[in-house]
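Coordinate inspection notes
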Amino acid sequence: MLKLDQVTVRYGATVGIDRLSIEVREGELVTLIGANGAGKSTTLRAISGLEPLAHGQIHFDGHRISGAPPAQIIDRGIAHCPEGRRVFPQLTVRENLEMGAYRRSDRQRARQDMERMFDKFPRLRERSGQAAGTLSGGEQQMLAIARALMSRPRLVMFDEPSLGLAPNFVEMIFELILEVRRSGTTVLMVEQNAYAALEMCDRAYLLEGGHVVTTGTSREMLANPDIRKAYLGG
Ligand code: ATP
């Protein structure tokens, strides 16, 4: 479904990712793990069209998407839930959700989807008229996820969804992501919490210095002694 072939992104003299090749198949939950600066966020930003590629290509459903503007990539069915929640703080919860659907022409169905989001997230319904900046961190993350789903993506990318959240929220957010996948949406996730990410995923890639150093199924990665030592506390 999604294929990155030898993708390089540079920030001036710094290499963000270096000849990185990964693949996500339809229906999978794939996770990227690795230390800070390994290139995980850069990978998601490259897929979304937010960083120009110095080398390589990205294909989605057989179409080349590298070089396309971000709006066209959304239209192809890719949504990006960025790190740090990035909701529009001055806009209300409802307006934030509307922004998630701004590329859709089926307004009636988008409205129904908003109601469905409110059914799924009663907290967001209660706070629908409130400025998003006044929500708690966990609620903002919920909103960011709901907003990403409002574009009816076929592939949704989550960047550090659990970062900075209280433990009960972390569990809820992971449960939500599993539910998104169960509903048939393909998921590509970047997560600091390597153990949780590896437990949840079908397959994973370990990135170091902008490269893939190891890849495997959830079970293979959890059993890998090097990964256990470096990322799972032995
Ligand atoms: P983190 O968990 O810290 O976000 P990451 O694995 O997502 O780490 P990236 O953010 O993708 O890593 O960063 C990869 C490399 O690119 C790092 O060396 C980083 O310093 C560099 N980099 C990322 N964004 C920029 C930027 N906007 N300008 C300059 N360098 C950047």
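These notes cover the structure that comes with them. (Residues numbered from 1 in each chain as written. Predicted model: local features only at pLDDT ≥ 70, side-chain atom pairs only at ≥ 80, totals over all residues. Heavy atoms only, no water.)

Some words on the site of the ligand
Around the ligand, a shell composed of 15 residues is seen, among which G37, G39, K40, S41 and T42 lie nearest. Interatomic distance of 2.7 Å between a backbone N/O atom of S41 and an oxygen atom of the ligand. A distance of 2.5 Å is found between an oxygen atom of the ligand and a side-chain nitrogen or oxygen belonging to T42. The protein chains hide 62% of the 620 Å² of surface that the ligand would expose on its own. The residue inventory of the shell around the ligand, partitioned by class, reads four nonpolar, eight polar and three charged. (Near = heavy atom within 4 Å. Polar contact = N/O pair within 3.5 Å; in protein donor to acceptor, adjacent residues only side chain to side chain. Areas by Shrake-Rupley, 256 points an atom, 1.4 Å probe, with all protein chains shown as cover. Nonpolar A, V, L, I, M, F, W, Y, C, P; charged D, E, K, R; others polar.)

Quick word on the environment of G233
Within the secondary structure layout, G233 lies in the segment after α10 (225-231). Between the alpha carbons of G233 and P69 there is a distance of 41 Å; along the sequence they are 164 residues apart. (Helix = DSSP H or I, 4+ residues; strand = E, 2+ residues; numbered from the N terminus.)

Topic: unusual backbone geometry
Residue R19 is not a glycine yet carries a positive backbone phi of 50°. Summarising the element assignment, R19 is placed in strand β2 (residues 14-24). In this structure, E160 takes a positive phi of about 50° despite not being glycine. Taking relative accessible area as the criterion, E160 reaches 5% and is therefore assigned buried. (Buried < 20%, exposed > 50% of the residue type's maximum accessible area, 1.4 Å probe, protein only.)

With respect to helix α3 (residues 93-100)
Buried residues of α3: V93, N96, L97 and G100, and no others. Viewed end-on, α3 has its buried residues packed into an arc of 100°, placing them on one side of the element. Structurally, α3 contributes buried residues whose contacts are with α4 (107-120), α5 (122-126) and α6 (137-149). (Arc of directions from axis to C-beta. Contact = heavy atoms within 4.5 Å.)

Remarks on the sheet that holds strand β8 (residues 186-190)
In space, the six strands of this open sheet follow the order β6-β7-β8-β3-β9-β10, with mixed pairing throughout. Taken across any chain shown, the strands that pair with only one partner, and hence form the sheet edges, are β6 (78-81) and β10 (211-217). Neighbouring strand axes in the sheet, compared pairwise and without regard to direction, differ in orientation by 15° on average. Judged from the four bridges that link them, strand β3 (residues 29-33) and strand β9 (residues 203-208) form a sheet pairing that is parallel. If you follow L32 over to β9, its bridge partner there is Y205. The sheet strands contacting helix α1 (residues 40-47) are β3, β6, β7 (155-159), β8 and β9, and the helix crosses β7 at an angle near 150°. Against the sheet, α6 contacts β6 and β7, and its axis sits at roughly 170° relative to β6. (Pairing = 2+ DSSP bridges. Axes fitted to C-alpha atoms, helices over the stretch in contact; angles between N-to-C directions.)

Some details on the packing of α3 against α4
Between α3 and α4, the shortest axis-to-axis distance is 11 Å and the interhelical angle comes to 130°. Regarding the angle of α3 to α4, the classification is oblique. The chirality of how α3 crosses α4 is right-handed. The segment α3 lies against α4, with V93, R94, L97 and E98 engaging M114, E115 and F118. (Parallel < 35°, antiparallel > 145°, perpendicular 65-115°, else oblique. Left-handed = near helix turned anticlockwise from the far one by under 90°.)

Looking at the pairing of β2
As defined by bridge partners, strand β1 (residues 2-11) adjoins β2 across seven bridges and the pair is classed as antiparallel. Paired with Y11 across the strands is T14, a residue of β2. The turn linking β1 back onto β2 is made up of two residues, and G12 within it adopts a positive phi angle of 60°.

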